[in-house]
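Summary of structural features
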Amino acid sequence: MKLTKYTHACVRLEKEGNVLVIDPGTFSEAGEALAGAQAVLITHQHDDHIDRSAVLAALRRDEDLAVHAPQAVVNALLDAAGQDAGEGAGSLAGRIHAAAPESTLDVAGFRVQTYGGQHALIHPQIPVVANIGYLVDGNVFHPGDSFVVPDSMEVKTLLVPIHAPWSKVGEVVDFVISVRAPQAFPVHDALLNELGRGIVEGHVTRIGAKYGTRYRRLVPGESVEV
């Protein structure tokens, strides 16, 4: 499949004319990523992972588009849609589905396995929200804001949350060497400058290689076959 990275946490996957988008957030080029998509997966409710206005606009444009997300995201989208949500399979409400961990979804020609359950801890005084990681076609794993390692399938392509207010470099490295995917690419990197990126990516590249993971940077808008 073709993987295209957008700014921060958003990626677009394309296969045989089907398009799946994960985490089109407010830091990302959400409208561009969503163009022509048949399905959207949201890992959790934070704005850097979902641009509600862009997702609702895409749902209104395309009656075949469906969204799968944790229940809190579903509720927020329906609240934002208001009376436009409607009822029935073809309505907005009928195309916004609650996703749960440890389940399998068939969306837009992709087989998706879900993992996890909650966001990584930011601070004891900041509530922990639901977070679902998605493994697409037994290949691409997007963990959202979590370092949960898939326990039932081998990951071929890992999307690494390379930097976040809730993580440190050692945790990022341990996540990469625990998953041991043959290849890895960065997500969640909008808050890094080049100095910080160089330090984090240097450790991930060097130590990850010892455990069989080849790490490669992708810039926003760049695509790769996986």
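Further up the page is the structure itself.
Nothing here was measured: the structure is a model prediction, and the numbers come from that model. (Residues numbered from 1 in each chain as written. Predicted model: local features only at pLDDT ≥ 70, side-chain atom pairs only at ≥ 80, totals over all residues. Heavy atoms only, no water.)

**Focus: the nonpolar core**
The biggest cluster of nonpolar side chains holds 26 residues, and the ones touching the most others in it are Val 21, Leu 34, Ile 42, Val 55, Leu 59, Val 67 and Leu 77. Of all the secondary-structure elements, those providing two or more residues to this core are strand E3 (18–22), helix H1 (30–34), helix H2 (52–61), strand E5 (66–69) and helix H3 (71–81). The leading source of residues in this core is H2, at five residues. Not counting chain neighbours up to four residues away, the residues in contact with Ile 42 comprise Asp 23, Pro 24, His 49, Ile 50, Val 67, His 68, Ala 69, Pro 70, Val 73 and Tyr 134. Counting residues in hydrophobic clusters, the runner-up holds 22 residues, among them Met 1, Val 112, Val 136 and Leu 218. (Core = buried A, V, L, I, M, F, W, Y, C linked by side-chain atoms within 4.5 Å. Buried < 20%, exposed > 50% of the residue type's maximum accessible area, 1.4 Å probe, protein only. Helix = DSSP H or I, 4+ residues; strand = E, 2+ residues; numbered from the N terminus. Contact = heavy atoms within 4.5 Å.)

**Considerations on the pairing of strand E9 (residues 130–136)**
Taken across its seven residues, E9 has six buried, putting it largely inside the fold. Of the strand pairs in this sheet, E9 and strand E10 (residues 140–142) are connected by three bridges, and their pairing is antiparallel. Across the sheet, the residue bridging to Val 136 is Val 140, located in E10. (Pairing = 2+ DSSP bridges.)

**Observations regarding the packing of helix H4 (residues 169–179) against helix H5 (residues 194–210)**
At a minimum axis distance of 10 Å, the contact between H4 and H5 shows a crossing angle of 30 degrees. The two elements H4 and H5 meet at a crossing, and its hand is right-handed. Judged by residue contacts, Val 169, Val 172, Val 173, Val 176 and Ile 177 of H4 engage Val 200, His 203, Val 204, Ile 207 and Gly 208 from H5. Classifying every residue of the contact of H4 with H5 by side-chain character gives eight nonpolar, two polar and no charged. (Axes fitted to C-alpha atoms, helices over the stretch in contact; angles between N-to-C directions. Left-handed = near helix turned anticlockwise from the far one by under 90°. Nonpolar A, V, L, I, M, F, W, Y, C, P; charged D, E, K, R; others polar.)

**A closer look at H2**
Along H2, the positions that sit buried rather than exposed are Ala 54, Val 55, Leu 56, Ala 58 and Leu 59. Here the buried face of H2 lies against H1, E5, H3 and strand E6 (96–98). Put simply, Asp 51 is the residue that caps the front of H2, since its side-chain oxygen is 3.3 Å from the backbone nitrogen of Ser 53. (Polar contact = N/O pair within 3.5 Å; in protein donor to acceptor, adjacent residues only side chain to side chain.)

**Concerning the environment of Pro 24**
Positionally, Pro 24 belongs in the loop between E3 and H1. On the basis of relative accessible area, Pro 24 is assigned to the buried category, the value being 0%. On a C-alpha basis, the gap between Pro 24 and Thr 157 in space is 19 Å, while along the polypeptide they are 133 residues apart.

**Points about the sheet that holds E10**
In spatial order, the strands read E7-E8-E9-E10-E11-E12-E13; together these seven strands make up an open sheet with mixed pairing. Single-partner strands in this sheet number two, and they are strand E7 (104–107) and strand E13 (214–215). Looking at chain direction, strand E11 (residues 157–161) and strand E12 (residues 183–187) are connected through five bridges and run parallel. Looking at the pairing, Leu 159 lines up with Phe 185 of E12. Strands E10 and E11 of the sheet are contacted by H4, whose axis makes an angle of about 170 degrees with E11.

**Observations regarding the sheet that holds strand E1 (residues 2–5)**
What the seven strands build is an open sheet, ordered E6-E5-E4-E3-E2-E1-E14; its pairing is mixed. The open sheet has two free edges, formed respectively by E6 and strand E14 (223–225), since each of these has just one partner strand. The average undirected angle you get between the axes of adjacent strands in this sheet is 20 degrees. Relative to strand E4 (residues 39–41), E3 runs parallel, the two sharing three bridges. When the bridges of E4 are listed, Val 21 appears paired with Val 40. Sitting on the sheet, H3 is in contact with E5 and E6, with an inclination near 155 degrees to E6.

**Observations concerning H4**
The complete set of buried residues in H4 reads Val 172, Val 173, Phe 175, Val 176, Ile 177 and Val 179. At the C-terminal side of H4, Arg 180 shows a positive phi close to 55 degrees.

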